[in-house]
Amino acid sequence: MKFRTWTSLPAALALVAACTTASSAPPEPDIGPAPAATTVAPAAPAATPAPDAAAAPATAPELDLDAPLPFDPAVRRGELENGIDYYIRQNPKPEKRAELRLVIDVGSLVEDDDQRGLAHFVEHMAFNGSRNFEKQELVDYLEGIGMRFGPDLNAYTSFDETVYMLQVPTDDDEILAKAFLILEDWAHGVSFDGEEIDKERGVVVEEWRQGRGAGGRIRDRQLPVTFHGSRYAERNVIGEKTVLETAPHEALRRFYRDWYRPDLMAVVAVGDFDVEQVETKIRQHFSKLEPREAARERADFPIPDHAETLTSIATDPEATSINVTVGYKRPPMPTETVGDMRRALIDGLYHGMMNNRLQELSLLPDPPFLYGFASSGWLGRTKSMYRLAAGVPDGGVVRGLETLLLEARRVEEHGFLASELERSKVNVLRSIDRAFDERDKQESGRYASQYVGHFLDDDPAPGIEFLRDLYHRLVPEIAIEEINARAAQWITEENRVILVSGPDKADAGIPEEQALLAVFDEVDQVAVLPWVDRTRDEPLVAETPTPGVVVSEERIEELGVVRWKLANGVSLLLKPTDFKNDEVLLSGYSPGGHSLVDDERYTSAAQAASIAGEMGLGNFDQIELGKALAGKVAFARPFVGELAEGISGAASPNDLETLFQLVHLHFGAMRRDEDAFASYVETLRGRLQNQEASPGFWFEKKWAETAFGDHPRRQPFTLARVPEVDLDQALAVYRDRFADASDFQFTLVGSFDPEIVRPLVETWLGSLPALRRDETWRDVEAFAREGAQRFQVRKGIEPKSSVRLVHHGFTEWSPERAHVAASLGQALRIRLREVLREDLGGVYGVGASVGVSRWPRARYNASVSFGCDPERVDELLSAVRQEIAAFRADGPSEEIVGKVREMQRRSRETALQQNRFWLSQLQDHEVNGLPLTDILRFEERLAGITREALRDAAREYFDEARFIEGVLYPEETAAGGAAAEKGGETDPE
């Protein structure tokens, strides 16, 4: 279960975001420990300017700005006689699936004083017994048909609404029928069995507990200021712990009776189904709900205006970051007419350009903040908020706030530049064109979210065809003067809120309220100069290289894959697909990584790709590169991991040459920029300054010490190690790793024609340097220590613990063994959820996984982790051990084995329609030296998932002589006692 957060996008651009599926980064090869985090080379959010055909005709009639926005004609929308709204749309992606939603227009705001937290508690009870599904039968049934608790079955509660979400297969009429029975039960058939309520109390309290910590305590202090004078300040969604623990059963039933009623409900159905059939089911199941007479009023709760500036300065001993926000409350801006959409586009362009400027400032050698942004969005149904926010280093609050306010003043006095606006317009138009191009490949879940928003908040849903035409008519004629005029309207002295949060320590430099207020007066006295738009007007690559040639071609017909070998040794797998119209994914790797670097240079080597990414490419620094890529959907991101180096990237089919150019530049055109390095180091320092305030830091530190001793490659990266990062060492490692492409294996998957791609491949990959080095990775022997290891860390204020149990050791690897191991983890996760959450009410969630990795030596890792009440650690760990022992003795039940097989089968159905899946599979089979046709052996391997196979795997992977068990306790608990030494640690047993 989760909570809804407020959106930061103006309505027009949020609608584009809802319609657009971004090209995400492809995975890195799984041939060792995860590589260090890397910095993405600036990726433009859009591509080339729209073609002439996309523009509105010259003879198009003048737009009526007062005309209401239409509703998408592809949606069947109606209202039952009892008041229930419904939205139905046929959509083929993913195939054989439906996304269903039951929407209740109430959340925590309508709770009575004795019900604080019960709106969310009621949502939990919907999964714990109903008219047609006793107790856990609902979850058991859905898992049995291959749906996963969490990804496919979930719900959320917010201040204003509760939404139940369900994904089900549509290739079985009985399953689809039962899905609507589930929705109906949620609407008016939840049981609220007293025993089940009392069992679920523990789960809800554990969800409350996991939300505690520095962030929770700071939020408790700042929400009453942000929502000053309103009910929002009094109705935190998770509620009050005492209410959750002691509320009478009748209080939950009363909330359900009062608020779960037809006039506050909607049903949303989007998927691969027959619309007529689904409408019939909705009418059959929901027409029977009776309207309520003398129903309680569902009121909106206003957030009042205030003339004075409200301030919250919240420090906490466990806070790890310093943040400053100035917010300006405003009436919500409707998006009901064409004119509203035009205004929202102006606001979106304003925010985009402001954020581009703030990002540039964060890249200065001595940056004023670690990050800064401007946004506007939801703040309850009767207010919105414009905010300027930044994360700053110690002592940086005043400077960060000054910079935010000065940049807002700079826009107010001098405006944005025409060049900035043109880039932003191109990006917006390309984004809407991409959404239009993908209109037949859009995921059903995105459509469902749109219609939920339309029912709850009147969010626009005009359909992509209308929207694209409107954008191409509105955006080109928006004038820079209109956008610049908005600057003065955002910032006012009324309804102003200042929020500062950070660690409770002397040198954090957290100012008092008067010092914050003084910044506003001081900024007014500063003379600001116009912004300088620094660009570089030249090609990305100055001179086209001499192309190489494809010297061999192999076709794997069963997979629709072709393999090219180029003269310089580069190998490329190509799989054209029609899963997305505007997506191509690329990955490339070479064995080696920073394992080939000696320990003395390891710290710099681990940061090499991140640092190289900050330098820019060729003649372009990072800022210039980002602007040069405006109007392009293409990015390439290098990595240098422990056992491999490589590049991942993505592009629109129209921008494939740009993608290949970026890849080419990463091999031979890296820059050395001391200013960029200085900015990188300062940002790194700022992010690490306060990490030791977190109890989790000490737990991870002790884990590393227990598992790996003093191995230099397994120590946490701390502030003290920043001076070890050397620019020249890092760049030397990077250049060495990308000096030879002859052993690089690339994979390209997506919407492309191989014959059109061939000249691009020969030009940009075929010309990469080829030293013909014969090398591979080195085993750095960084393995967890033998034996049984236990430790405790006592650190933290809140009464909560974190528990981690990991069994590990050497083994044999094969694809079959890897599949069995992963299935064992899935089975154990199901069982532990049943026991620890449903039976014992001791956790909100529990993680369990088992994996077998091949490189550098075949090893297994079997992990269980959860958070809980410190007083229950021993009890819950004992339960975990008992379930592991049961798995070792007899294996999981046949019911759980059946669930695992069906979940995998159903997940495979949707995965086969995804470019990312094929990219990962092709790459992993290459890395592991397997025939690519083994990808087709899934059913054969699935048949090997038996109770006996999982039992045997449990006996091997849960070796009672090889494990690490760590527990994080708060500093003082009955279970753990008081921390006895600096850092709050105890020694391993």
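Bear in mind the structure is a predicted one, so any value in this text is a computation, not a measurement. (Residues numbered from 1 in each chain as written. Predicted model: local features only at pLDDT ≥ 70, side-chain atom pairs only at ≥ 80, totals over all residues. Heavy atoms only, no water.)

Student: Give a description of the overall build of the protein chain that names residues and reports values.
Tutor: Helix and strand counts for the protein chain come out as 30 helices and 25 strands. Its C-alpha atoms give the protein chain a radius of gyration of 29 Å, within 12% of the compact-globule value 30 Å for 989 residues. The dimensions of the protein chain, computed from C-alpha atoms along their principal axes, are 80 × 75 × 65 Å. Each of the 989 residues in the protein chain was classed as buried or not, and the buried ones make up 60%. (Helix = DSSP H or I, 4+ residues; strand = E, 2+ residues; numbered from the N terminus. Rg over C-alpha atoms; globule rule 2.2 N^0.38 Å. Buried < 20%, exposed > 50% of the residue type's maximum accessible area, 1.4 Å probe, protein only.)

Student: Run through the sheet that holds strand 6 (residues 265-271), naming residues and quoting values.
Tutor: Note: strands within a sheet are paired through backbone hydrogen bonds, in either parallel or antiparallel orientation. Sheet architecture is open: six strands sit in the order 1-2-6-3-5-4, paired in mixed fashion. In the strand order of this sheet, the two ends are held by strand 1 (76-79) and strand 4 (153-157), each with one partner. Geometrically, the sheet is characterised by an average inter-axis angle of 10 degrees between neighbouring strands, direction not taken into account. Bridge count for strand 2 (residues 85-90) against strand 6 is six bridges, and the pairing is parallel. Considered in strand 6, the bridge of Ile88 is made with Ala269. (Pairing = 2+ DSSP bridges. Axes fitted to C-alpha atoms, helices over the stretch in contact; angles between N-to-C directions.)

Student: Which residues make up the side chain of Asn495, and what values go with them?
Tutor: Mapped onto the fold, Asn495 is located in the loop between helix 15 (480-490) and strand 11 (496-503). A relative accessible area of 11% places Asn495 in the buried class. Only 3.3 Å separates the side chain of Asn495 from the side chain of Asp305, close enough to count as a polar contact. In this view, Asn495 contacts Pro304, Asp305, His306, Gly327, Tyr328 and Lys329; residues no more than four positions away in its chain are not counted. (Polar contact = N/O pair within 3.5 Å; in protein donor to acceptor, adjacent residues only side chain to side chain. Contact = heavy atoms within 4.5 Å.)

Student: Lay out a negative patch on the surface with the relevant residues and their values.
Tutor: Taken together, Glu493, Glu494, Asp521, Glu522 and Asp524 make up a surface patch of like negative charges. By the element assignment, Glu494 lies in the loop between helix 15 and strand 11. (Patch = residues over 30% accessible without salt bridge, like charges linked within 9 Å, V, L, I, M, F, W, Y side chains within 5 Å. Areas by Shrake-Rupley, 256 points an atom, 1.4 Å probe, with all protein chains shown as cover. Salt bridge = Lys/Arg side-chain N within 4 Å of Asp/Glu carboxyl O. Lys, Arg positive; Asp, Glu negative; His and termini not counted. Charge placed at Lys NZ, Arg CZ, Asp CG, Glu CD.)

Student: I'd like a rundown of helix 10 (residues 338-362), residues and numbers included.
Tutor: Along its 25 residues, helix 10 runs 36 Å from first to last C-alpha, staying within 8% of the 36 Å computed at 1.5 Å per residue. Among the 25 residues of helix 10, 20 are classified as buried, and the element is accordingly described as predominantly covered. (Expected span 1.5 Å × (residues − 1).)

Student: Explain the packing of aromatic side chains to me, using residue names and the numbers behind them.
Tutor: Given two aromatic rings, one states the distance between the centres and the angle between the planes to describe the pair. Evaluation of the coordinates by the stated rule reveals 35 aromatic pairs. With a centroid separation of 5.5 Å and 65 degrees between ring planes, the pair formed by Phe159 and Phe227 is classed as edge-to-face. Placement of the pair is Phe159 in the loop between strand 4 and strand 5 (162-169) and Phe227 in the loop between helix 6 (214-226) and helix 7 (241-246), with a sequence separation of 68 residues. You can call Phe159 buried: its relative accessible area is 11%. Residue Phe227 is classed as buried on the basis of its relative accessible area, which comes to 4%. Among the aromatic residues, ring-to-ring pairing joins Phe127, Phe149, Tyr164, Trp186, Phe192, Tyr256 and Tyr260 into one connected group. (Phe/Tyr/Trp six-rings, centres within 6.5 Å; stacked < 30°, edge-to-face > 60°.)

Student: Describe in detail the pattern of salt bridges, supporting the description with residues and values.
Tutor: Enumeration over the complete set of coordinates arrives at 103 salt bridges. As a salt-bridge pair, Glu482 and Arg342 come within 2.7 Å of each other at their nearest N and O atoms. One end of the pair, Glu482, is in helix 15; the other, Arg342, is in helix 10, with 140 residues separating them in the sequence. Note on Glu482: relative accessible area 28%, which makes it partly exposed. Measuring nitrogen to oxygen at the nearest pair gives 3.5 Å for the salt bridge that ties Glu902 to Arg906. In this pair, Glu902 and Arg906 both sit in helix 27 (residues 894-911), four residues apart, roughly one turn of the helix. Each member of the pair, Glu902 as well as Arg906, is classed as buried.

Student: Lay out the nonpolar core in plain terms, naming residues and giving numbers.
Tutor: Ranked by internal contacts, the top residues of the largest apolar core, which has 73 residues, are Leu102, Leu142, Trp186 and Phe286. In terms of residue count, the dominant contributor to this core is helix 4 (residues 173-188) (eight residues). For Leu142, the residues in contact, after removing those within four places along its chain, are Met147, Leu153, Leu166, Val168 and Ile182. Counting residues in hydrophobic clusters, the runner-up holds 61 residues, among them Leu566, Val570, Ala605 and Ala636. (Core = buried A, V, L, I, M, F, W, Y, C linked by side-chain atoms within 4.5 Å.)

Student: Kindly report on the pairing of strand 10 (residues 384-392), identifying the contributing residues and their values.
Tutor: Counting buried positions over the nine residues of strand 10 gives nine, a clear majority of the element. Across the two faces of strand 10 the burial is the same, with Ser384, Tyr386, Leu388, Ala390 and Val392 and Met385, Arg387, Ala389 and Gly391 all buried. The pairing of strand 8 (residues 322-330) with strand 10 spans nine bridges and is classified as antiparallel. Bridge pairing in strand 10 links Thr325 to Ala389. Across eight bridges, the pairing between strand 9 (residues 371-378) and strand 10 is antiparallel.

Student: Give me the lowdown on the environment of Arg261, citing residues and values where you can.
Tutor: Take Arg261: it is sitting in the loop between helix 8 (249-259) and strand 6. Between the C-alpha atom of Arg261 and that of Arg292, which follows or precedes it by 31 residues, the distance is 6.9 Å. Within the local environment of Arg261, its side chain forms a polar contact with the backbone oxygen of Asp258, the two atoms lying 2.8 Å apart.

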